[in-house]
Amino acid sequence: MLKTDEVTQAISKEIRQYESKLALESIGYVLQVGDGIARVYGLEDVMASELVVFPDETYGLVLNLEKDNVGVVILGSDRNIKEGAEVKRTGRIVEIPVGPALVGRVVNPLGEPLDGKGPVAAAKKRPLEANPPSVIQRSPVKEPLQTGIKAIDAMIPIGRGQRELIIGDRQTGKTAIVVDTILNQKTSGVQCIYVAIGQKLSSVVQLAQTLEKHGAMAYTTIVCASSDDAAPLQYLAPYAGCAVGEEFMYNGGHALVIYDDLSKHAVAYRQLSLLLQRPPGREAYPGDVFYLHSRLLERAAKLRPDLGGGSLTALPIIETQLGDISAYVPTNVISITDGQIYLESDLFYAGIRPAINVGLSVSRVGGNAQTKAMKQVAGSLRLALAQFRELAAFAQLSTDLDKATKDQLTRGARMVEILKQDVFKPCTLEEQVAIIFAGNDGLLDDVPLGRIASFEKELLAFLQKNYAALPIEISEKKALSDDLKDKLRKAVNKFKEQFSKQ
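Parameters at a glance
- Residues numbered from 1 in each chain as written.
- Predicted model: local features only at pLDDT ≥ 70, side-chain atom pairs only at ≥ 80, totals over all residues.
- Heavy atoms only, no water.
- Pairing = 2+ DSSP bridges.
- Helix = DSSP H or I, 4+ residues; strand = E, 2+ residues; numbered from the N terminus.
- Axes fitted to C-alpha atoms, helices over the stretch in contact; angles between N-to-C directions.
- Left-handed = near helix turned anticlockwise from the far one by under 90°.
- Contact = heavy atoms within 4.5 Å.
- Nonpolar A, V, L, I, M, F, W, Y, C, P; charged D, E, K, R; others polar.
- Core = buried A, V, L, I, M, F, W, Y, C linked by side-chain atoms within 4.5 Å.
- Buried < 20%, exposed > 50% of the residue type's maximum accessible area, 1.4 Å probe, protein only.

## Considerations on the pairing of strand 6 (residues 86-93)
Alright, step 1. Looking at chain direction, strand 1 (residues 27-34) and strand 6 are connected through three bridges and run antiparallel. From the neighbouring strand, I27 faces strand 6, where its bridge partner is K88.
Alright, step 2. Bridge count for strand 3 (residues 50-53) against strand 6 is three bridges, and the pairing is antiparallel. Within the sheet, the bridge partner assigned to V53 lies in strand 6 and is K88.

Next comes the structure, spelled out in structure tokens:
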């Protein structure tokens, strides 16, 4: 039987513990909806780039702050959103989960998994938009980021913290270059983030399978906003990839982020801007399309040693139409980046792959991002190739050539052959140095042109088997002494004796 005083005490205790909590919520109403854009009235305190939520749990991103309404882009389908529907603020700027939990995963720009491996168990989130490191926080780009591609590492070197544009027409091997670069980071400790913008899902699946097959997904994250996704997700994708990479940089690590490609990103942003009724400019792009990419690419940096010395390297890709690099978006991105690798259709179809046009390609960091050994063997390579192309064009007009010209043509043709490379077969630094040294030294001049590829392959195997100390010495010293050059010369000549008998 209950005692009266016990009941009284229990009720008194509950009353003391009871607190009335008033919660103020900012709520707006949809005025108009269509084409993935909602005009919302009543969200007076909302922030730019804030996430808002609609009744069907679909998120929206606030982009336009106007006098009497806000323009919200809907991150998903607008089918179930009707006029008059309530819109609530979340108080959160759009952000993505970051950290080791994302490594090996395929996610969308909001960090939601697309690979069927369950939720992303990340303990931390970062906003998609962030201020880049200031000039004071940065240190010069000096440390090489080896791509494993001979033509790039020798002539257009990329350093950690650099922004190097890859530009060319469709189907010229742009994605193949970045995939090789990812594969080459296996032992470098660089975390890779591949951002797919507006691509077919089948292409992204194929790329993920290639990386998985070569063991590269162990240090790679794929951020995917496919052609099937809404324009707002394609617009957010590169910023999401950048935020994932920044987490590694600010914790003293090294990251490489690839934006494939920023042409489709600019098109998605143009679509949003026109639907939000922002005034169009050149080629119908909005006036801030330059700022769209500059605020993204400026976040790539090499931090000072006392700030951890981390780096974020950016490889943006731009697709040109019929080789026109003077169009609006290509010229914008060229002016923001620290150099460009220009891929040419004519070279690609002529069998020179990677199809890099050495004349139009440049790295504004240059030899600072190369090891001494590579500088020694590749210092004169660009000039030699440029002279060879000029002479080759001249030789077509004349049949009577002097010996010096013939020798230069012979050497140049072999250097072009050396720089050809199959996809998914990146070369180590010591392999690149060995074969470029052999070509520069004239050791390949008497090897038939059609046998250069097999000569290179067999020479590298021969060095590993019979002169294993040489590649190790190049790798450790990262410089070629006169003694090391003599050893390398003798080893190549020894191999040539065997090769000529085949």
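Structure's up, so let's keep going.
## A look at the packing of helix 7 (residues 289-297) against helix 8 (residues 328-336)
Alright, step 1. Put simply, helix 7 and helix 8 touch, their axes get as near as 10 Å, and they point 35 degrees apart. The two elements helix 7 and helix 8 meet at a crossing, and its hand is right-handed. Note on element contacts: helix 8 touches helix 7 through Y328, V329, N332, V333, S335 and I336, opposite V289, F290, H293, S294 and L297.
Alright, step 2. Among the residues making up the contact of helix 7 with helix 8, the classes are represented as seven nonpolar, four polar and no charged.

## Digging into the nonpolar core
Soluble globular proteins: nonpolar side chains tend toward being buried together.
Alright, step 1. In this structure, M155, L211, I222, L381 and I436 are the most contacted members of the largest nonpolar core, which totals 76 residues.
Alright, step 2. Considering every element that reaches this core, the biggest residue donor is helix 13 (residues 429-440), with seven residues.
Alright, step 3. Those residues in contact with L381, other than ones at most four positions away along the chain, are A154, M155, M415, L419, I436 and N440.
Alright, step 4. I197, A225, C242 and V244 belong to the second-largest nonpolar core, a separate cluster that totals 59 residues.

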